[in-house]
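Overview (structure and organization)
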Amino acid sequence: MLIFECPYCGVMADETELAPGGEAHLTRVGAGADEADFEGYLFHRKNPRGVHFERWRHAAGCGKWFHAARDTMNLEVFGTYSAQVFAPPKELVAVIKKKRPDWEGWV
Amino acid sequence: MRRYSAFAIAREAARYHTGWERAWRSPAPKKEYDVIIIGAGGHGLATAYYLGKNHGITNIAVLEKGWLGGGNTGRNTTIIRSNYLQDASAAIYEKARSLYETMSQDLNMNVMFSPRGVMMLAQTEAEKRGYLRTAHANALQGVQTDFIPPARVKELVPIINLTGPRYPVLGALWQARGGTARHDAVAWGYARACSDMGMDIIQKCEVTGIEQAAGQVTAVQTTRGRIGCGKLAMVVAGHSTALADMAGFRLPIESVPLQALVSEPIKPAINVVVMANTVHGYMSQSDKGELVIGGGADGYNSYTQRGSFHHVEETVRALVETFPMISRLKMMRQWGGIVDMTGDRSPILSRTPLGGCFINAGWGTGGFKSIPGSGWAMAELVANGTPGSLASAFGLERFREGRFIDESVAAGVAH
């Protein structure tokens, strides 16, 4: 069972009180973008075997959205961080890189 | 290939079963093939079989990372039905269901197809309206389904509890020609028939890279060396994204675990397949007497081949309310398979941006029932280079063009 620490209320929440929100840090394209970009934004996903950054919502708790980093191969949680950022914090990336030397890094 | 028959059993019984042949050969890979299919599950083997049978292409290798039929083909709940709302899905699933009817004769392998009937319970007013609509759509598509009242449900499934209390049974969408089949036998039957046509099934051979020249696929790199190919078909379900990354294109797919469990064996108690989509549970009884139970999919990406434990609780809770007599049964095994969910929850049978490379993916939770239809349509696509009538609606371009085949609305979670 996945357990995340909500970065807002500090609760250690298991997945039954969380709502998954899919891949994080997608580049949002707006009106006027070309169709290929729009298709990518709406549908194309990295779906990696390994390190994955995601959006989650503490649905049955404080109700806030946050970000989490997780390994899709063994469900190890690397950490959670604020929803108000466009990229994962450098410290977290360093922690993951140390644990997963083969990881291509945050791109 | 020696044919399987009653006489063969008698002959072998008379000589201590010393004459059975291996069902398929395990050759070393050749330098080059006309067509390479990645993935020796049901879909990959069916693609190879119909390429040989319908299109006369037999210089084929089917590469498999693990063992034959060891992925989702061996992990599903073996349900076969074709009561879909959208025309394109009804057509390909009905093709598959009709091919299942004659598969044992066609492959000379008893796949134990059992058209015992599939019942999808309507447990909310909205679901009831949805199934009435599906029944009308099926009538127009030539797929035999009926919307049946609760009394008929009780007649077909005496152990069911109709009155809820949370979700009373308001009726059901009934497909009498749906049912189950022996999942391993489907993979083994196709493999045996493919091997007999001279195709090479190469197990424990993982693809590690895809070579291309001038926008055309030329070869694959594997753990057993480089193998050249004229055409390449990717048929690997949950791991499609990893292969697409090697070939250099992106997919609208996310991989999630879908889980199932079986109970201890009991005497015959239920002789149809019951699906309850509102409460996320479906159940049938296997020939060994185990209740085969399918549950929900996790809501987040994972390749772990095991689902979240709370889904087991949700599924079992729903089924105990629906079938009170199972409340004290012990569950023997629980497992998960990695399913590939597309943006519109419908499959992809398509050309790709890489020339000569085709993909069959995104069957999500509807993979087993579609095996023969998927193989038939994929073989047509690979042989001709353009999709036939069954596959034409399932191209990758539909996501850009907005032509979705929106079955997630029609079928709920249990696809």
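Reading the values: the criteria
- In every chain, residue numbers begin from 1 and rise along the written sequence.
- For this description, chains carry letters from A and ligands carry numbers from 1, given in the order in which they are written.
- A pLDDT threshold of at least 70 governs which residues receive local features in this predicted model, and a stricter bar of 80 or more applies before side-chain atom pairs are shown or counted, although totals over entire chains, interfaces and linings include all residues.
- Only hydrogens and water are set aside when side-chain values are computed; all heavy atoms of the structure are taken into account.
- The helix and strand labels rest on DSSP assignments: H or I over at least four residues marks a helix, E over at least two residues marks a strand, and numbering proceeds from the N terminus.
- Between two residues, a contact is recorded if the distance between any of their heavy atoms is within 4.5 Å.
- Positive charge is attributed to Lys and Arg, negative charge to Asp and Glu, and no charge count is given to His or to the chain ends.
- To locate a charge, take NZ of a lysine, CZ of an arginine, CG of an aspartate or CD of a glutamate.
- For two strands to be treated as a pair, DSSP must find at least two bridges joining them.
- Comment: axis = line fitted to C-alpha atoms, over the contacting stretch for helices; angle = value between 0 and 180 degrees taken between N-to-C directions.
- Residue ranges for the domains trace back to a domain assignment, done automatically or taken from a database.
- Defined in terms of a 1.4 Å probe, buried area is the accessible area two parts forfeit on being brought together, summed over both.
- The rule for a salt bridge is simple: a side-chain nitrogen of Lys or Arg has to be within 4 Å of a carboxyl oxygen of Asp or Glu.
- Within 3.5 Å is the distance limit for a polar contact, defined as a pair of N or O atoms, with the added protein rule that one can donate a hydrogen and the other accept it, and that residues adjacent in sequence qualify only through two side-chain atoms.
- Note that Gly is not counted as nonpolar here; it falls among the polar residues with everything else outside the nonpolar set of Ala, Val, Leu, Ile, Met, Phe, Trp, Tyr, Cys and Pro and the charged set of Asp, Glu, Lys and Arg.
- The cut-offs for exposure are 20% and 50% of the maximum accessible area for each residue type, with area from a 1.4 Å probe on protein chains only; residues under the lower value are buried, those over the upper are exposed, and the others partly exposed.
- To sort the angles, those under 35 degrees are grouped as roughly parallel, those over 145 as roughly antiparallel, those from 65 to 115 as roughly perpendicular, and the leftovers as oblique.
- Two helices that cross are described as forming a left-handed crossing if the nearer one is turned anticlockwise from the farther one by less than a right angle, and a right-handed crossing if clockwise.
- Two cysteine sulfurs form a disulfide in these notes if their separation is within 2.5 Å.
- Classification of ring pairs uses Phe, Tyr and Trp, with its six-membered ring standing for Trp, and accepts pairs whose centres are within 6.5 Å; under 30 degrees between planes counts as stacked, over 60 as edge-to-face, and the remaining range as tilted.
- A ring is considered to have a charge above it if a Lys NZ or an Arg CZ atom is located within 6 Å of its centre and within 35 degrees of its normal.

Digging into the overall build of chain A
Along its length, chain A carries 2 helices and 6 strands. Mapped in sequence order, the helices and strands of chain A form the string β-β-β-α-β-β-β-α. Overall, the C-alpha framework of chain A stretches about 40 × 35 × 25 Å when taken along its three principal axes. A fraction of 47% describes how many contacts in chain A between residues 6 or more apart in sequence connect residues 24 or more apart. Averaged over its 13 positive side-chain charges, chain A has a centre that lies 4 Å from the centre of its 15 negative ones.

Re the sheet that holds strand S5 (residues 146-148) of chain B
One key point about sheets: their strands pair by backbone hydrogen bonds, in either a parallel or an antiparallel sense. Residues and elements named next belong to chain B. Pairing is mixed across the open sheet formed by 8 strands, whose spatial order is S5-S6-S4-S13-S14-S15-S12-S16. Taken across any chain shown, the strands that pair with only one partner, and hence form the sheet edges, are S5 and strand S16 (331-342). Across the sheet, the mean angle from the axis of one strand to that of its neighbour is 20°, orientation sign disregarded. Where strand S13 (residues 273-276) meets strand S14 (residues 281-285), 3 bridges bridge the pair, whose relative direction is antiparallel. When the sheet's bridge partners are listed, Val274 is paired in S14 with Met283. Helix-sheet contacts for helix H9 (residues 309-322) involve strand S4 (118-122), strand S12 (253-263), S14, strand S15 (291-297) and S16, and the interaxial angle to S15 is about 130°.

Some details on the domain arrangement of chain B
Residues and elements named next belong to chain B. The domain boundaries assigned to chain B delineate domain 1 (27-82 + 84-108 + 183-253 + 344-401) and domain 2 (118-180 + 255-341). Inter-centroid distance (C-alpha atoms) of domain 1 to domain 2 is 28 Å. Between domain 1 and domain 2, the buried area comes to about 2,500 Å², and carbon and sulfur atoms account for 55% of it. Among the residues domain 1 hides against domain 2, the three largest losses belong to Arg75, Thr77 and Leu85. Together they make up 23% of the total. The interface formed by domain 1 and domain 2 holds 0 salt bridges in total. Taken together, domain 1 and domain 2 are joined by 12 residue pairs in polar contact (both at pLDDT 80 or more). Broken down by secondary-structure element, the contributors of at least two residues to the side of domain 1 that touches domain 2 are strand S3 (79-80), helix H3 (87-101) and helix H8 (240-247). Per-element accounting of the side of domain 1 that touches domain 2 gives the leading share, 5 residues, to H3.

What to know about the interface of chain B and chain A
At the junction of the two partners, chain B supplies 24 residues and chain A supplies 23 residues. Among the residues chain B hides against chain A, the three largest losses belong to B:Arg250, B:Tyr300 and B:Tyr303. Together they make up 31% of the total. At the junction of chain B and chain A, the tally comes to 1 salt bridge. Between A:Glu39 and B:Arg400 there is a salt bridge whose closest N-O contact spans 2.9 Å. Counting the contacts that link chain B with chain A gives 12 residue pairs in polar contact (both at pLDDT 80 or more). Mapped onto the side of chain B that touches chain A, the elements with two or more residues apiece are H8, S12 and helix H11 (398-401) of chain B. Looking at the side of chain B that touches chain A residue by residue, the classes come out as 9 nonpolar, 10 polar and 5 charged.

Here we look at the pairing of S14(B)
All names here are of chain B. The element S14 is extensively covered by neighbouring structure, given that 5 of its 5 residues are classed as buried. The alternating pattern of S14 places Gly281, Met283 and Gln285 and Tyr282 and Ser284 on opposite faces, both of which are buried. If you look at the hairpin formed by S13 and S14, you'll find 4 residues sitting between the two strands, and His280 has a positive phi there, around 60°. Where S14 meets S15, 4 bridges bridge the pair, whose relative direction is antiparallel. When the bridges of S15 are listed, Met283 appears paired with Ile293. Hairpin connection between S14 and S15: a loop of 5 residues separates the two successive antiparallel strands, and Gly289 in this loop has a positive phi of roughly 100°.

A closer look at the packing of H3(B) against helix H10 (residues 371-384) of chain B
All names here are of chain B. Put simply, H3 and H10 touch, their axes get as near as 6 Å, and they point 110° apart. On the basis of their axis angle, the class for H3 and H10 is roughly perpendicular. Along this stretch, H3 crosses H10, giving a crossing that reads as right-handed. Two secondary-structure elements touch here, H3 through Ile92, Lys95, Ala96, Leu99 and Tyr100 and H10 through Ile371, Pro372, Gly373, Ser374, Trp376 and Ala377. Residues belonging to the contact of H3 with H10 are distributed by class as follows: 8 nonpolar, 2 polar and 1 charged.

A word on the pattern of salt bridges
Per the counting criterion, the structure on display carries 21 salt bridges over all chains. One salt bridge connects B:Asp106 with B:Lys53, and the closest N-O pair in it is separated by 3.0 Å. With B:Asp106 in helix H4 (residues 103-107) and B:Lys53 in helix H2 (residues 42-55), this pair connects stretches of sequence that are 53 residues apart. B:Asp106 gets classed as partly exposed once you look at its relative accessible area, which sits at 30%. Among the charged side chains, a salt-bridge network with shared partners connects A:Asp71, A:Glu76, A:Lys99 and A:Arg100.

Details of the state of the cysteines
Following the criterion strictly, the structure yields 0 disulfides over all chains and no others. With no disulfide of its own, B:Cys205 lies closest to B:Cys229 among cysteine sulfurs, the gap being 12 Å.

Quick look at the packing of aromatic side chains
Within this structure, the stated rule accounts for 18 aromatic pairs over all chains. Judged by centre distance (6.0 Å) and plane angle (70°), the rings of B:Tyr4 and B:Trp20 are edge-to-face. Of this pair, B:Tyr4 sits in the segment before helix H1 (6-14) while B:Trp20 is found in the loop between H1 and strand S1 (32-38), placing the two residues 16 residues apart along the sequence. Classification of B:Tyr4 as partly exposed rests on a relative accessible area of 31%. These aromatic residues form a ring-pair network of at least three members: A:Phe4, A:Trp56, A:Phe66 and B:Tyr300. Above the face of the B:Tyr303 ring, A:Arg49 is positioned so that its terminal group lies 5.4 Å from the ring centre. Sitting above the plane of the B:Tyr4 ring, B:Arg192 keeps its charged end 3.5 Å from the centroid.

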